[in-house]
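If you want the building blocks of each chain, they are given just below.
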Amino acid sequence: MSFAELWRQLEPIGRNPETGGYRRYSWTPADTECRAWFTRQAERLGLTVEPDNNGNIWAWWGSADPARPNAVVTGSHLDSVPDGGGYDGALGVVAALAAVEELKTRNFNPERAVAIAVLTEEEGARFRVACLGSRLITGGIDPASARGLSDDDGVTLAAAMTAAGRDPSLLGPGENLLGSIGAFVELHVEQGRALAPMGAAIGVAEGIWPHGRWRFDFAGRADHAGTARLADRNDPMLPYASTVLAARQLAAEHGAVATFGKVIAEPGGANGVNSAVRAWLDARAPDDNALQDTLTMIRSAAEISAAEHGVTLTVRRESYTPQVQFDEGLRDRITGVLGAAGITAPVLPTAAGHDAGILAARIPTAMLFVRNPTGVSHSPAEHAEEADCEAGVHALALVLEDLAGRP
Ligand SMILES: [Zn+2]
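Note that the structure is a prediction, hence the values are computed from the model and not measured.

Enquirer: Which parts of the structure should I look at to understand the pattern of salt bridges?
Expert: Between side chains of opposite charge, a pair can form when the charged atoms approach closely. Under the defined criterion, the tally for this structure stands at 20 salt bridges. The salt bridge involving arginine 44 is made with glutamate 101; its shortest N-O contact spans 3.0 Å. Separated by 57 residues along the polypeptide, arginine 44 in helix 2 (residues 29-44) and glutamate 101 in helix 3 (residues 90-105) bring together distant segments of the chain. When its relative accessible area of 37% is taken as the criterion, arginine 44 is described as partly exposed. The class of glutamate 101 is buried, set by a relative accessible area of 13%.

Structure follows, in structure tokens:
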């Protein structure tokens, strides 16, 4: 089946007809449908599909050797942010299936096991910890705290997994699995716009900016929007608003990015002063020091403004991923393979987090990017041209062929 045919099959699953955006949240019916589709396609290619204990899926071509790190793994994720684009994550999974199909059509016989991984809850859109599946395998999150993570409706990960027929008591590090993997290569739609001006369809990742997510709780006092005098209010919306502006300013000063993308005002009446504002800050910077400095200054700006309005502030870090440098040897091998095939693939840094960044702590890891002409991502406007996706499939097939072609 061609890339385009696979793409058209997956495309409608979990798409909201009103916004055109995807709502593929982990352990929901849309997610289950995506998993079932992947399983069918992997089995059609003759791969052995093995879900792991953490909710990730592995589809094997050949068998893993737990005694040595030999397998070549590619893949990405199928979950989305709220009303996300269709390419983020899904492109890497579909491209992996198409690349394996291309190699099988060419009668390629791998010397090393090849696997396609679908990693769960990469976006953290439901349970608020990004890259949850790869963090669980690598021991980056304690299984008990993972089980207790809850979504906006108070449903815990443990309850959601149980409802989907999985056993959350088995969550935890996958040492045997990690020990059998020699390389992980994730193909992903470019998030940002570096390739288009260079006239290149494919890029190779250099590293990932450190990034994190912090929850700001501003607690004030609910009051009447008409009768409460301005001077008497403890309105949490005011320090929140000034913190949003401060974050923008401070990020610009540090060469960083900082975004309040989610906010909940309580009780949220249109004619009332709120009692509380809960908001989530996502911040990223070129290095750990710049990110720490940016966060410290945003936090102190928030504290000053909260004090001015008689509002209390609590800041909690929900996740943090340090700076990642991908394996230089693997990167050079990939750029060499692509170069020899006449494919220009510039090396680029990225400010987006990926499972590859988490796995890089344990496995030689690399990423391929497929050109995004507008750079827009996490939005229904996210796009990649079909020809570029096909170029990505072909590049990935060449890389897998090279890596798996030698013992
Ligand atoms: Zn992604």
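Enquirer: Got a minute to help me understand the coordination of the zinc ion in this structure?
Expert: Ideal coordination angles are 109.5 degrees for a metal with four donors arranged tetrahedrally and 90 or 180 degrees for a metal with six donors arranged octahedrally. Protein coordination at the zinc ion: the donors are His77 (NE2), Asp88 (OD) and His188 (NE2), at 2.0 to 2.2 Å from the metal. Each donor residue of the zinc ion belongs to the same chain, and together they define the spacing H-x10-D-x99-H. Residue aspartate 88 is found in the loop between strand 3 (71-77) and helix 3, and its partner histidine 188 is found in strand 5 (residues 181-189); the two are separated by 100 residues along the sequence. Since its relative accessible area comes to 1%, histidine 188 is described here as buried.

Enquirer: Before we go on, may I ask you to explain the packing of aromatic side chains in this structure?
Expert: Remark: the centre distance and the inter-plane angle together describe each pair of aromatic rings, the angle taken between the planes. Going through the model one piece at a time under the given rule, you end up with nine aromatic pairs. Here phenylalanine 216 and phenylalanine 260 contribute two aromatic rings whose centre-to-centre distance is 5.4 Å and whose plane-to-plane angle is 80°, an arrangement assigned as edge-to-face. With a gap of 44 residues between them, phenylalanine 216 in strand 7 (residues 211-219) and phenylalanine 260 in strand 9 (residues 257-266) connect regions that are remote in the sequence. Given the relative accessible area of 0%, phenylalanine 216 is considered buried. Through pairs of rings, three or more aromatic residues link up here, namely Phe216, Phe218, Tyr240 and Phe260. Note that arginine 35 overlies the ring of tryptophan 27, its terminal NZ or CZ placed 4.1 Å from the centroid. The ring of tryptophan 280 has lysine 262 lying over it, and the distance from NZ or CZ to the ring centre is 4.7 Å.

Enquirer: So what exactly am I meant to see when it comes to helix 3 here?
Expert: Because an α-helix completes one turn every 3.6 residues, residues spaced three or four positions apart along the sequence face the same direction. Counted at 1.5 Å a residue, the expected span for helix 3 with its 16 residues is 22 Å, and the 22 Å between its end C-alpha atoms agrees. With 13 of 16 residues buried, helix 3 is to be regarded as a mostly interior element. Once helix 3 ends, the next one or two residues include asparagine 107, with phi positive near 60°.

Enquirer: Looking at this structure, how should I read empty space enclosed by the protein?
Expert: In this approach, a probe sized like a water molecule rolls over the atoms, and the result shows the empty space that is left. Evaluation of the coordinates by the stated rule reveals three cavities of 30 Å³ or more. Of all the secondary structure elements, the ones that give two or more residues to the lining of the largest cavity are helix 2 and strand 4 (114-119). By residue class, the composition of the lining of the largest cavity is three nonpolar, one polar and four charged.

Enquirer: I would appreciate a short explanation of the pairing of strand 1 (residues 48-51) in the present structure.
Expert: In summary, the side chains of a regular strand alternate between the two faces of the sheet. Here four bridges tie strand 1 to strand 2 (residues 57-61), and the two strands are oriented antiparallel to one another. Each bridged residue has a counterpart across the sheet, and for valine 49 the counterpart in strand 2 is alanine 59.

Enquirer: Looking at this model, I keep getting lost on the sheet that holds strand 12 (residues 312-321). Mind explaining?
Expert: Two orientations exist for strands paired in a sheet by backbone hydrogen bonds: parallel and antiparallel. One open sheet accounts for four strands, arranged 9-11-7-12; its pairing is antiparallel. Lying at the two open borders of the sheet, with one neighbouring strand each, are strand 9 and strand 12. If you compare each strand with its neighbour and ignore which way they point, the axes differ by 15° on average. Sheet topology places strand 7 next to strand 11 (residues 276-284); nine bridges connect them, and they run antiparallel. When the sheet's bridge partners are listed, alanine 219 is paired in strand 11 with alanine 276. Contacting strand 7, strand 9 and strand 11, helix 9 (residues 237-254) crosses the sheet at an angle of about 170° to strand 9. Across the sheet, helix 10 (residues 288-308) lies against strand 7, strand 9, strand 11 and strand 12, angled at about 5° from strand 7, the strand it touches most.

Enquirer: Just to check I follow, could you spell out helix 11 (residues 328-340) for this structure?
Expert: In this model helix 11 runs 18 Å from its N-terminal to its C-terminal C-alpha over 13 residues, within 8% of the 18 Å that 1.5 Å per residue would give. N-cap assignment for helix 11: the residue whose side-chain oxygen lies 3.2 Å from the backbone N of glycine 329 is aspartate 327. A positive backbone phi angle near 80° is found at glycine 342, which sits one or two residues after helix 11.

Enquirer: I keep staring at the environment of serine 80 and nothing clicks. Help me out?
Expert: Note that serine 80 resides in the loop between strand 3 and helix 3. Taking the C-alpha atoms as reference, serine 80 lies 25 Å from isoleucine 363; in sequence the two are 283 residues apart. Leave out the neighbours within four places in its chain, and serine 80 touches Tyr22, Arg23, Arg24, Tyr25, Glu123 and Ala125. There is a polar contact of 3.0 Å between the side chain of serine 80 and the backbone oxygen of tyrosine 22.

Enquirer: Help me understand the environment of alanine 144 in this model?
Expert: Tracing the sequence through the fold places alanine 144 in helix 5 (residues 143-148). Along the sequence, alanine 144 and proline 168 sit 24 residues apart, while their C-alpha atoms lie 9.4 Å from each other.

Enquirer: In this structure, what is going on with the layout of surface pockets? I would like to understand it.
Expert: Approximately 1300 Å³ is the volume attributed to the largest pocket. Lining of the largest pocket is provided by 48 residues; of these, Val81, Arg213, Asp282, Arg284 and His378 occupy positions nearest its centre. Breaking the lining of the largest pocket down by element, the ones donating at least two residues are strand 7, strand 9, strand 11, strand 12 and strand 14 (347-350). The dominant element in the lining of the largest pocket, judged by the number of residues it contributes, is strand 9, at five residues. Looking at the lining of the largest pocket residue by residue, the classes come out as 16 nonpolar, 17 polar and 15 charged. Here the second largest pocket is characterised by a volume of approximately 230 Å³. Lining the second largest pocket are 16 residues, and of these Arg135, Tyr320, Thr321, Pro322 and Ile358 sit closest to its centre. Mapped by element, the contributors of at least two residues to the lining of the second largest pocket are helix 4 (132-138), strand 12 and helix 12 (355-359). For the lining of the second largest pocket, the leading source of residues is strand 12, giving five residues. The residue inventory of the lining of the second largest pocket, partitioned by class, reads seven nonpolar, six polar and three charged.

Reading guide: rules and limits
Residues numbered from 1 in each chain as written. Predicted model: local features only at pLDDT ≥ 70, side-chain atom pairs only at ≥ 80, totals over all residues. Heavy atoms only, no water. Salt bridge = Lys/Arg side-chain N within 4 Å of Asp/Glu carboxyl O. Helix = DSSP H or I, 4+ residues; strand = E, 2+ residues; numbered from the N terminus. Buried < 20%, exposed > 50% of the residue type's maximum accessible area, 1.4 Å probe, protein only. Donors = N, O, S within 2.8 Å, 3.2 Å for Na, K, Ca; no water. Phe/Tyr/Trp six-rings, centres within 6.5 Å; stacked < 30°, edge-to-face > 60°. Lys NZ or Arg CZ within 6 Å of the ring centre and 35° of its normal. Expected span 1.5 Å × (residues − 1). 1 Å grid on protein atoms, 1.4 Å probe; cavity = no way out; pocket = protein on both sides within 12 Å on 5 of 7 lines; lining within 4 Å. Points joined across faces, edges and corners; volume = space filled by probe spheres on them. Nonpolar A, V, L, I, M, F, W, Y, C, P; charged D, E, K, R; others polar. Pairing = 2+ DSSP bridges. Axes fitted to C-alpha atoms, helices over the stretch in contact; angles between N-to-C directions. Contact = heavy atoms within 4.5 Å. Polar contact = N/O pair within 3.5 Å; in protein donor to acceptor, adjacent residues only side chain to side chain.

Keep in mind these values describe shape, not function.
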